[in-house]
Each structure stands twice: as C-alpha cells, then as structure tokens.
Amino acid sequence: MSESPWEEWEGAAAEVIDSTCTSAPVDGFRLAKACGFEVRLHAGRNETRGEIIYINCRMRPQRQHGRLGHELGHYALARHEIPDSEEGARWAGGAMLMPRREADRDITRFAWSVAQLRAKHINVSATAIAVRITQLRDAVATLIDPRGHHKPWRVHSPWISEKRFRRVSSWERELAERAYAEGVEVRGDELCYALPLIDGAVHEHRVLVVCELEQLSLRL
C-alpha cells in the first residue's frame, strides 16, 4: 500500500532535520545554511535562485523563518525525488520548523496551548503552529475576526472528510469573542483554545481557535 502524500512530505522533512542534526527551536536561517544555501535579505520577492534564497526583509521575523521553511520544503521534496508542489513544500517546510519528534512531545506536554507552544517554538507563527497541530492530531484550526471584517480561515487534518467540520460553529465564535475581549489565550474545553492575534501595526485583529476533533464534535 502506497504512502499518502503527506506521509512522504513528513518523511522528507524528517530526513533533512536528522541529516543536519537540527532540533527545536529550529532557526530557518541556520537550517538553510546547513542545507548548503546562502540567505540574503532584500526588499523584493521571496525566491530561490540556485544556492541562494532571497527573503523579503520587510516581513516579520517569524514570517521570514516560515518562508525559508517553504523554500527548503521544495529542496526536501527534490532531494527525495518527490513530485514538487506548493502544498508539499508548505507541509515539508512546516515539518522542518517544528520537527515531528519535538512537536509531538510538546503538543502533549502543553495540552495544545498555542501560547505555550509559541513560547517554545519561537521562530514559528501561531498560525503555523495551529496548522502543524492539524497535521499531527485530529484537529480543526480557524482564524476568526470577531469584528466581522474578514471571513474565517479554516484548516483541518487532511484525513477528516466529514463536511460538518468545515463550518465554524457558534461555540467557536463565542470562544473567539471571549479571547478577543480578554486579550489572552482562553481554554474553552479540553484540548480547545482560542488565542487573540492582535497587531495594530498591520491592523490585524483576529483570534486563532484550535480544537481537538472529538471535543468539537460534541459542540456541533
């Protein structure tokens, strides 16, 4: 029986991490150097040209690390002769910034608290951490704007096929509103958290809600 695409992507990322002796918290710049790349910060687009990775210097540090991970994701796929794709590069990149061994341990240790995971994996954005949780657990993650200026952004574990989990529940919205009002991460239930992501400089006012599938199913 052949592996699913994400298992191949995960394996490619793990091999790169092991071969470079990298451990959490992963620094994208150091990882790129260990893989034989030179990283140059500039004011243009993010791209790889030969052995040089160009990263936009105007992005926030965590986004720079995330973009480096993405570019190295393409490298990991090519290294293992896996068909190249943006989805595969995103997965492999995230899996290198949060290696499975450490991520599995920390997700359990911190009981899915994104705030605590972010404090440990300092170079990974809260949203990327939430996506990683959905890759390693049965989970759903959603970005909600309590003000209603933006539509929700939602992602779930790729093996979840039930359509009912595609819809944001009223309970998730209420949890997001509570976190937004209090300005801190709140726990809505076991393995369910809402973390406000507020940045006045970029006019970001959203709340990240991460829920374990079984717990969420009880609320739908």
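Nothing here was measured: the structure is a model prediction, and the numbers come from that model. (Residues numbered from 1 in each chain as written. Predicted model: local features only at pLDDT ≥ 70, side-chain atom pairs only at ≥ 80, totals over all residues. Heavy atoms only, no water.)

(A) Seen up close, the packing of aromatic side chains. In the structure shown here, the tally under the stated rule is four aromatic pairs. The interplanar angle of 20 degrees and the centroid separation of 6.4 Å between the aromatic rings of W6 and W91 together place this pair among those described as stacked. Taken as a pair, W6 in helix 1 (residues 5–19) and W91 in helix 4 (residues 86–97) lie far apart in primary sequence, 85 residues in all. What makes W6 partly exposed here is its relative accessible area of 26%. For the pair W6 and W159, a centre-to-centre distance of 6.2 Å together with 55 degrees between the ring planes defines the contact as tilted. In this pair, W6 sits in helix 1 while W159 sits in the loop between strand 5 (153–156) and helix 8 (170–182), placing the two residues 153 residues apart along the sequence. Accessibility expressed as a relative area gives 36% for W159, which makes it partly exposed. (Phe/Tyr/Trp six-rings, centres within 6.5 Å; stacked < 30°, edge-to-face > 60°. Helix = DSSP H or I, 4+ residues; strand = E, 2+ residues; numbered from the N terminus. Buried < 20%, exposed > 50% of the residue type's maximum accessible area, 1.4 Å probe, protein only.)

(B) Spotlight on the pairing of strand 3 (residues 52–56). Counting buried residues in strand 3 gives five out of five residues, a clear majority hidden from the surface. Going residue by residue along strand 3, you find I52, Y54 and N56 tucked away on one face and I53 and I55 tucked away on the opposite face as well. Looking at chain direction, strand 1 (residues 38–42) and strand 3 are connected through five bridges and run parallel. Residue pairing across strands places V39 opposite I53, the latter belonging to strand 3. Of the pairings in the sheet, the one linking strand 2 (residues 47–49) to strand 3 comprises three bridges and is antiparallel in character. Each residue of the ladder has a partner; that of T48, found in strand 3, is I53. Where strand 2 hands over to strand 3, the hairpin turn is made up of two residues, of which G50 adopts a positive phi near 65 degrees. (Pairing = 2+ DSSP bridges.)

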